[in-house]
Amino acid sequence: MPITYATSHIDGGLDCSSLSLGVLKSMPDSPIVKAMVIAGRQAHPIWALDRLALVIYCYVEATKYHHPNEPLPIQVNVRGSIISDESTSCIVADSIHWHTSEQIRVDAERLVSKMFSSSGLTARWPTKIEMVLPVYGGTMKVGCNG
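Attention here is on the structure that accompanies the text.

A look at the pairing of strand β5 (residues 89-99)
Thinking step 1. In this structure, strand β3 (residues 42-49) lies alongside β5, joined through two bridges in parallel fashion. In the strand pairing of β5, I46 is matched with I91.
Thinking step 2. Looking at chain direction, strand β4 (residues 74-84) and β5 are connected through ten bridges and run antiparallel. Its bridge partner being in β5, R79 is matched across the sheet by S95.
Thinking step 3. The turn linking β4 back onto β5 is made up of four residues.

Here it is, written out as structure tokens:
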């Protein structure tokens with residue numbers, strides 16, 4: 001069965017404690033993150049690549065800085081694609097609208113600017129751990145190790 005795609009929109013809270021960082025296994029210069037977005041009673045895993053991964057990381061870091069004892073979930077609207085095969089599916093975000101304090105927004109955007117201005121997206125990325133998406137299709141492996 002081929003990989004299929006659909007769109008998704010989630011309004012909820014990005015759980016700062018759930019963030020996992022890595023680089024895309026097939027493209028080591030591409031940052032990747034996985035986080036849980038709580039919507040209602042359920043938490044939904046979302047993935048993000050490249051610059052959006054860097055942005056999510058920076059907003060989580062800014063939130064942790066301003067709430068060191070218990071980082072609050074960041075209220076977000078996530079739009080993305082649902083990529084699925086016969087056994088699983090995942091949401092790959094293509095945009096996020098942040099609903100947070102001005103203080104967190106300013107600090108996060110300053111960090112984004114600092115990290116993005118360096119050469120390459122992973123020049124200041126805090127890890128080189130390889131990650132892959134949990135979807136497999138044909139001979140192209142895009143699976144998950146965590």
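A look at the environment of G40
Thinking step 1. Within the secondary structure, G40 is located in the loop between β2 (27-39) and β3.
Thinking step 2. With a relative accessible area of 73%, G40 lands in the exposed category.
Thinking step 3. Along the sequence, G40 and G12 sit 28 residues apart, while their C-alpha atoms lie 7.5 Å from each other.

Quick word on the pattern of salt bridges
Thinking step 1. The final tally for this structure, using the stated rule, is two salt bridges.
Thinking step 2. Among the salt bridges present, the one from D94 reaches R79, with a minimum N-O distance of 3.0 Å. Taken as a pair, D94 in strand β5 and R79 in strand β4 lie far apart in primary sequence, 15 residues in all.
Thinking step 3. By relative accessible area, which is 46% here, R79 ends up partly exposed.
Thinking step 4. With a closest N to O distance of 3.1 Å, D107 and R110 form a salt bridge. You can see D107 and its partner R110 sitting in helix α2 (residues 102-116), three residues apart, about one turn around the helix.

Reading guide: rules and limits
- Residues numbered from 1 in each chain as written.
- Predicted model: local features only at pLDDT ≥ 70, side-chain atom pairs only at ≥ 80, totals over all residues.
- Heavy atoms only, no water.
- Pairing = 2+ DSSP bridges.
- Helix = DSSP H or I, 4+ residues; strand = E, 2+ residues; numbered from the N terminus.
- Buried < 20%, exposed > 50% of the residue type's maximum accessible area, 1.4 Å probe, protein only.
- Salt bridge = Lys/Arg side-chain N within 4 Å of Asp/Glu carboxyl O.

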